Amino acid sequence: MKVSARNLIPGTVKKVNIGMVNAEVVIEAAPGVEIVSVITKESAEAMGLKAGAKVKAMVKATSVMVVTD
């Protein structure tokens, strides 16, 4: 699959919490580094997402904010 987004972060599915409508997918990109995505329940089921699956998190944003304390 080819996509225009340049931010593809490889990782492993740590857990999938499926709700009535949406699913929360936790991806471990590196030890101690997690990316959490909320997708539709239908998409999670169609992709067969389960803990241990190798995936890529695709990030496409029009703006990225930087915050300091």
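Refer to the structure above for everything that follows.
The text that follows walks through the structure, step by step, so that each part is easy to find. For clarity, every value in this text was computed on a predicted model and none was experimentally measured.

Description of the sheet that holds strand E1 (residues 7-18)
Pairing is antiparallel across the open sheet formed by 4 strands, whose spatial order is E3-E2-E1-E4. With partners counted over all chains shown, the strands left at the sheet margins are strand E3 (33-40) and strand E4 (54-59), one partner each. Each neighbouring strand pair of the sheet contributes to a mean axis angle of 45 degrees, computed without reference to strand direction. Pairing geometry for E1 and strand E2 (residues 22-30), over 6 bridges, is antiparallel. Across the sheet, residue Lys-15 finds its bridge partner in E2, namely Val-26.

Quick notes on a nonpolar patch on the surface
A cluster of nonpolar side chains, namely Met-1, Val-3, Leu-8 and Met-58, defines an oily patch on the protein surface of about 460 Å² accessible area. Within the element layout of this structure, Val-3 appears in the segment before E1. Take Val-3: its relative accessible area is 35%, and that puts it in the partly exposed class.

About the criteria used
Residues numbered from 1 in each chain as written. Predicted model: local features only at pLDDT ≥ 70, side-chain atom pairs only at ≥ 80, totals over all residues. Heavy atoms only, no water. Pairing = 2+ DSSP bridges. Helix = DSSP H or I, 4+ residues; strand = E, 2+ residues; numbered from the N terminus. Axes fitted to C-alpha atoms, helices over the stretch in contact; angles between N-to-C directions. Patch = residues over 30% accessible without salt bridge, like charges linked within 9 Å, V, L, I, M, F, W, Y side chains within 5 Å. Areas by Shrake-Rupley, 256 points an atom, 1.4 Å probe, with all protein chains shown as cover. Salt bridge = Lys/Arg side-chain N within 4 Å of Asp/Glu carboxyl O. Buried < 20%, exposed > 50% of the residue type's maximum accessible area, 1.4 Å probe, protein only.

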